[in-house]
Amino acid sequence: MQKINRRIFVLGGLGAVGTVALPLRGAVAATPYPFKLGVASGEPAPDSVVLWTRLAPSPLNADGQGGMANADVTVEWQVSAEERFGSLVASGSVAARYADAHSVHVVAGGLAPDADYFYRFRAQGHISPVGRTRTAPAAGSFGRDLVMTFASCAHYESGYYTAYRRMAEENPGLVLHLGDYLYEDATTTGSVREHVGAEIVSLADYRRRYAQYKSDPDLQAAHAAAPWLLVPDDHEVENNYAGTVRENNTPALTAAQWTARRTAAYRAYYENLPLRPSSAPSGNSIPLYRRIRWGQLATFHMLDTRQYRDDQACGDGRKVCADADLPGRTLTGAAQEAWLLDGLGQRLGTWDIMGQQVFFARQLDAAGAANMDSWDGYRASRSRIQQGWTQRGVRNPLVLTGDVHQAWANDLKADYANPGSATIGTELVCTSISSGGNGSADTAIPNGSVNPHIRFFSNRRGYVRTTIGRAQLRADFRAVASVTEHGAPVSTVGSFVIAEGRPGLQAG
């Protein structure tokens, strides 16, 4: 047997993994290690999960091809119920194509429901890191209680990804990422760490930026710890775009160049994340709103609030804006709205969890101004969805949100102008992984007197850990004190419980 050139194991606590079931053969000794971007899994179903990797021995090459030659490469993959791969439950091979920047998306099938697995890849004589994944429970069962973490907004230049590392250490069964996985802006000299290159525009640019982000060991650890469900927000393309409308013309692009940029961004998003082939982009759009069942315990309705929205009202920004009330305005588009309400009406699981991007509850300041990029800029759209789930008798609607770099927890009201109206749902907002820098220890709710339905605020960086059971859902807001220095400990800065059949926050 030839010597393995390199093995890295990013999954904390696993230790060394045997190679009996995946011997090296035909190894190309001179080929550099191609698994520098790690491994990932996602989109769990009761009988399958998506496995992902991308070959890139030189991740930061300017052409976005990661140092790979212009040729397709065969990648073998294995799934085992055993950490040491003593026996296999699924295996195969797949072509990593040069045209796809040598990314692979394997749908590993034939798996048991509600089960834990390990997976790995081999290519060019090298073995990948080992990842751990999990399948969803069968449709007719609740399965185990689910520890699910969710996060968003990981600006590379703003800080280290300690929060991703701490998420991995939670040993979650599922991770949700609610957008701004990367940022498009150019290098900012003097940052904690710096982007490579100018603002990203081309497919090569986006591929290289993903490669830079995915080279981070803490992010790799989080991916290797559990399957992920992801939806993008704006920065995966460019800041505050709305449908086909740009925020501004910086950098200057023609209409055709803007379309090409959006197309490139979506293609790179698919290439670099563990999405099912059904989410592959087509033309200049990508089908990303989807429903994932977690047995009878929960249904995850993953929303796309960027591709189909109307332009922000009143020129965007924080405004007092009557146009935000126009009944025809939509954040989801008509088709996605109908799809969401139909899925909620099916009441497939105890918890109906909407994973989405922007602040959902009303959030006014003392002058009555609101953020036009959030649901406050699309009030009729929000009302239709809230009324829709109420009319359909949805018992436990829960909205999960990213985007704002601060942690919040909100009761969702039938009438936000009447604090005494019924609480008809709950919103949990995660802070950022690193965007905005260290933040502060401030926990005073901004404009709390005009938003009495807002129950919690924290300005630290981190994520939310939820423990989802049949009788209640517990949410722990986890925070790190610093992202400008690597390795800060994590602590819980707030906890709440949502009881089954009783929307709204209770002290945890």
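Placed above this text is the structure.
So, here is what we can say about the structure in this document. If you're wondering where the values come from, they're calculated on a predicted model, not measured in any experiment.

**Let's talk about the overall build of the chain**
Consideration 1: When you go through the chain residue by residue, the secondary structure sums to six helices and 24 strands.
Consideration 2: Its C-alpha radius of gyration of 22 Å places the chain within 12% of the 23 Å reference for a compact globule of 508 residues.
Consideration 3: Counting all 508 residues of the chain, 59% fall into the buried class.
Consideration 4: Contacts spanning at least 24 positions in sequence make up 70% of the contacts within the chain whose residues lie at least 6 apart.
Consideration 5: Per element, the accessible surface of the chain, about 17,200 Å² overall, is 51% carbon and sulfur.

**Comments concerning the nonpolar core**
Consideration 1: In this structure, Y161, Y164, M167, Y181, W228, Y269 and I433 are the most contacted members of the largest nonpolar core, which totals 37 residues.
Consideration 2: Where this core is concerned, the elements lending two or more residues are α1 (162–169), α2 (203–214), α3 (217–225), β11 (228–230) and α4 (255–272).
Consideration 3: Among residues more than four places away in sequence, those in contact with W228 are S41, G42, E43, Y164, V175, H177, Y181, L219, A222 and H223.
Consideration 4: Counting residues in hydrophobic clusters, the runner-up holds 33 residues, among them L146, L174, A298 and C430.

**Quick word on the pattern of salt bridges**
Consideration 1: Applying the stated criterion across every chain, the model contains 29 salt bridges.
Consideration 2: Measuring nitrogen to oxygen at the nearest pair gives 2.8 Å for the salt bridge that ties R306 to D233. Placement of R306 in the loop between β13 (298–302) and β14 (318–319) and of D233 in the loop between β11 and α4 is noted, with a sequence separation of 73 residues between them. In this pair, the class of R306 matches that of D233, namely buried.
Consideration 3: Among the salt bridges present, the one from R246 reaches E238, with a minimum N-O distance of 2.8 Å. Note on accessibility: R246 and E238 belong to one class, buried.

**Focus: the sheet that holds strand β19 (residues 423–429)**
Sheets are built from strands that pair by backbone hydrogen bonding, the pairs being arranged parallel or antiparallel.
Consideration 1: Taken together, seven strands build an open sheet; the order of strands is β12-β13-β15-β17-β19-β18-β20 and the sheet is mixed. Looking at strand neighbours, the two that pair on one side only are β12 (290–294) and β20 (454–458), the edges of this open sheet. Each neighbouring strand pair of the sheet contributes to a mean axis angle of 20°, computed without reference to strand direction.
Consideration 2: As judged from the four bridges shared by strand β15 (residues 351–355) and strand β17 (residues 397–401), these two strands associate in the parallel manner. Note that in β17 the partner of I353 across the bridge is L398.
Consideration 3: Contacts between helix α5 (residues 334–346) and the sheet are confined to β12, β13 and β15, with β13 contributing the most and set at about 180° to the helix.
Consideration 4: Seen against the sheet, helix α6 (residues 379–391) touches β15, β17, β18 (407–413) and β19 and runs at an angle of roughly 125° to β19.

**Digging into the state of the cysteines**
Consideration 1: Under the definition given, this model contains one disulfide.
Consideration 2: C314 shares a disulfide with C321; S-S distance 2.0 Å. Disulfide C314-C321: the torsion about the S-S bond is 80°, which places it as right-handed.
Consideration 3: The exposure class assigned to C321 is buried, which follows from its relative accessible area of 4%.
Consideration 4: In this model C153 remains outside any disulfide bridge; the closest cysteine sulfur is found in C430, 6.7 Å from its own.

**Thoughts on the side chain of D233**
Consideration 1: The exposure class of D233 is buried, given its relative accessible area of 1%.
Consideration 2: If sequence neighbours within four positions are ignored, D233 has contacts with L178, G179, D180, Y241, R306, Q357, V358 and D403.

**Observations concerning empty space enclosed by the protein**
Consideration 1: Summed over the entire model, instances satisfying the criterion amount to three cavities of 30 Å³ or more.
Consideration 2: When its volume is computed, the largest cavity comes out at roughly 40 Å³.
Consideration 3: Sorting the residues of the lining of the largest cavity by element identifies β21 (461–468) and β22 (472–480) as the ones contributing at least two each.
Consideration 4: The leading source of residues in the lining of the largest cavity is β22, at three residues.
Consideration 5: Among the residues making up the lining of the largest cavity, the classes are represented as five nonpolar, two polar and three charged.

Cut-offs and rules
Residues numbered from 1 in each chain as written. Predicted model: local features only at pLDDT ≥ 70, side-chain atom pairs only at ≥ 80, totals over all residues. Heavy atoms only, no water. Helix = DSSP H or I, 4+ residues; strand = E, 2+ residues; numbered from the N terminus. Rg over C-alpha atoms; globule rule 2.2 N^0.38 Å. Buried < 20%, exposed > 50% of the residue type's maximum accessible area, 1.4 Å probe, protein only. Contact = heavy atoms within 4.5 Å. Areas by Shrake-Rupley, 256 points an atom, 1.4 Å probe, with all protein chains shown as cover. Core = buried A, V, L, I, M, F, W, Y, C linked by side-chain atoms within 4.5 Å. Salt bridge = Lys/Arg side-chain N within 4 Å of Asp/Glu carboxyl O. Pairing = 2+ DSSP bridges. Axes fitted to C-alpha atoms, helices over the stretch in contact; angles between N-to-C directions. Disulfide = S-S within 2.5 Å. 1 Å grid on protein atoms, 1.4 Å probe; cavity = no way out; pocket = protein on both sides within 12 Å on 5 of 7 lines; lining within 4 Å. Points joined across faces, edges and corners; volume = space filled by probe spheres on them. Nonpolar A, V, L, I, M, F, W, Y, C, P; charged D, E, K, R; others polar.

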